[in-house]
Structure formats: structure tokens, C-alpha cells
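# Chain and residue survey
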Amino acid sequence: MNAIDQHNQLIQKEFTKQARAYASNPNIKDTDWAMTLVNAVQPVGKERVLEVATGPGYVALAFATRSKEVIGLDLTDAPLAIARQNQAERGITNVSFQAGDANQLPFEDNEFDVVVCRLAVHHFADPRRVLSEMVRVCKPGGKLAVEDLIASEHSQKAYFYNYWERLRDPSHVTALSLSQLLALYTGLGLEAEYVHTQDKRQVVEQWMKNSQTPLDVAEEIRTLLERDKVERLSGIPVYTTEEGELCFDHRMIVVIGRK
């Protein structure tokens, strides 16, 4: 078994375990947030859209309100079941969900007008390979949109940040820096047309509860974050609220490129 197959097994293990908690996370299920990505892509209603690593399907369902057809693809059955349940509850008929590997997309070249991926690039063992597949199935002139966590441009800070992310969720590989993500776009021949950043607050205890982090690992993460709060080791804002909750701000980036 190669490294990508091994990591895929780890992803399936983690997201089978996390599926319900992840899908119920207020940030993840926020329809306004999902529509922000749709509005940035600006579909006009004629597009065929693919969402890679769809999870519980919130982004795919948002795109379905503004597109002709949407396919949501994910490696893991548990979140796909939730996505289909969400679809049924909303009565949306122009979206379908299927299992598949982002490293080898089960589609022909130039099938989709838009290919989108939210909050998954940091889970990919080989991000360039996945983005290359996304480019392959995108039509010439089509759009490729990625929304993901970003790390510091400073390698030592990025390493520290990714270290405590991996402790919390072993399927986390590496959150790229903005320059690294843009370099992937450039290297794959995409023309970056839109770049937007924002912060999303994470309450540390809920963040660890969502991933069912073991107690001993959770204590190690708290210690690292308390140190980070004082020494600013990760480049990520870590702070305690007036209510006494330890929090940090995920730095988020949206990059949309044209093939």
C-alpha cells in the first residue's frame, strides 16, 4: 500500500468518527458562509459543478441553488450519508453525491464548468496531485475555487501551527501558506482572478470535542496554545475571551482561478 492509500484510510477513519460532530458545527453548516463562496464564483445558472471532498454537502447544496447541476464527491461514506439526508430535507433535485478519490477523480477531461473544494486541501497527502485532477476535469475557461486554512509565510511558525493541528486531527497534513497555494495555481497554468481572506473563530474546547481528541492529547494541545498565546509561535491569533474561553482564529483563504 502506498503513502496516499495509507493516508486515505486515515481520512476515512477520522471522518467516519467525526462525521456527525463536523456536520453539526455551526461554522460548517452556516448557509451564509457557503453562499459567500458561491457568490465569489458567480455562477449564472448554466454551470455543471463538481465539489471535491464535499463532506456533509453544504457547499454543493449552496451551488445547486445557482447552477444547473452539482456533483458532490467524497472519500468517506459517513459524511456522504449526511449529505444525502441534507439534500432530502431541502428537497433539492439537481445535486447528487457519490464516493470517489480526489487523487484520481472518476470523471473525463473537461467535464465541469466549476470545480470547488472547501476545507480539504490541508487533508491531502499530495495537494498538487489533487489540484491537477481538479484542473483536468475543468473545462477550458472554467473556474477552480479553493477555500482552506492557511499557515504563516514563515516556515517555523507554519510548522508549529500545523503541529498542533495534526495533534488534534491526525488526518490534517499541512495547511499551506498563501504563497504556496498561489504557486500551485500558477504551476498548473491557472490564472488567479480572486483572492480573499477572512478569520473564523474557533473555541478550543468545542474544536477538540468535534474531533473527539483523546484527553491526554487535548491537554497537550491546551499547553501548546497557552504558550502560543504568549509567545506568538504559530502566527495564528490565540486568545482568551472575556468569558474565559481559550480561542484562536483560523486564517481562511479563497482563491479562484480560471483554466
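My aim in this report is to walk through the structure given alongside it, one point at a time. Only a predicted model underlies this, so the values are computations on that prediction, with no experimental measurement involved.

Let us look at the environment of Gln-198. Assignment of secondary structure puts Gln-198 in strand β6 (residues 191-203). On a C-alpha basis, the gap between Gln-198 and Arg-251 in space is 6.2 Å, while along the polypeptide they are 53 residues apart. Discounting residues that sit within four places of it in the chain, Gln-198 has contacts with Trp-33, Glu-147, His-250, Arg-251 and Met-252.

Further remarks concern the pairing of strand β2 (residues 69-74). Of all the 6 residues making up β2, 5 are buried; the element is thus mostly covered by neighbouring parts of the structure. Bridge analysis of strand β1 (residues 48-52) against β2 gives 5 bridges, and the strand direction is parallel. Looking across to β2, one finds that Arg-48 is bridged to Glu-69. With respect to chirality, the unit in which β1 leads through helix α3 (residues 58-64) into the neighbouring parallel β2 is right-handed. Sheet analysis places β2 next to strand β3 (residues 95-99), joined by 5 bridges and oriented parallel. Note on β3: the bridge partner recorded for Ile-71 is Ser-96. After leaving β2, the chain enters helix α4 (residues 77-90) and then returns to the sheet as β3, a path that is right-handed.

For the rest of this paragraph, the subject is unusual backbone geometry. Its identity as a non-glycine residue notwithstanding, Asn-110 has a phi of 60 degrees, on the positive side. Tracing the backbone through its elements, the reader meets Asn-110 in the loop between β3 and β4 (112-118). Note on Asn-110: relative accessible area 36%, which makes it partly exposed. The phi dihedral of Gln-212 is positive, around 55 degrees, even though this residue is not glycine. Of note, Gln-212 is situated in the loop between α8 (204-210) and α9 (215-231).

Quick look at helix α6 (residues 155-168) now. Look at α6: 20 Å from first C-alpha to last across 14 residues, which is about the 20 Å you get at 1.5 Å a residue. Listing the buried residues of α6 in full gives Ala-158, Phe-160, Tyr-161, Asn-162, Trp-164, Glu-165 and Arg-168. Among the structural elements, β5 (138-149), α8, α9 and β8 (246-258) are those in contact with the buried residues of α6.

The next thing to look at is the pattern of salt bridges. Applying the stated rule across the entire model yields 11 salt bridges. One salt bridge in this structure joins Glu-14 and Lys-17, with 3.4 Å as the shortest N-O distance. Here Glu-14 pairs with Lys-17, and both are found in helix α1 (residues 3-24), just 3 residues apart, close to one helical turn. Exposure remark for Lys-17: the relative accessible area of 35% places this residue in the partly exposed category. Among the salt bridges present, the one from Glu-219 reaches Arg-222, with a minimum N-O distance of 3.0 Å. Pair noted here: Glu-219 and Arg-222 are both in helix α9, with a separation of 3 residues, about one helical turn.

Here we take up the side chain of His-122. The residue His-122 is located in the loop between β4 and α5 (127-137) in this model. A distance of 3.2 Å separates polar atoms of two side chains, one belonging to His-122 and the other to His-123. When residues no more than four places from it in sequence are discounted, the contact partners of His-122 are Asp-148, Leu-149, Ser-171, His-172, Val-173, Thr-174 and Ala-175.

On to α9, then. Along an α-helix, residues three or four positions apart point the same way, because every turn accommodates 3.6 residues. Here α9 spans 24 Å end to end across 17 residues, near enough to the 24 Å set by a 1.5 Å rise per residue. Val-217, Ala-218, Ile-221, Leu-224, Leu-225 and Asp-228 are the residues of α9 that are buried. The arc enclosing the buried residues of α9, seen along the axis, measures out at 125 degrees, which places them on a common side. With respect to the buried face of α9, the exposed residues turned more than 90 degrees away are Leu-215, Asp-216 and Val-230. Considering only its buried residues, α9 is in contact with α6, α8, β7 (238-240) and β8.

Calculation notes
- Residues numbered from 1 in each chain as written.
- Predicted model: local features only at pLDDT ≥ 70, side-chain atom pairs only at ≥ 80, totals over all residues.
- Heavy atoms only, no water.
- Helix = DSSP H or I, 4+ residues; strand = E, 2+ residues; numbered from the N terminus.
- Contact = heavy atoms within 4.5 Å.
- Buried < 20%, exposed > 50% of the residue type's maximum accessible area, 1.4 Å probe, protein only.
- Pairing = 2+ DSSP bridges.
- Right-handed = clockwise from strand over helix to strand, strands pointing away.
- Expected span 1.5 Å × (residues − 1).
- Salt bridge = Lys/Arg side-chain N within 4 Å of Asp/Glu carboxyl O.
- Polar contact = N/O pair within 3.5 Å; in protein donor to acceptor, adjacent residues only side chain to side chain.
- Arc of directions from axis to C-beta.

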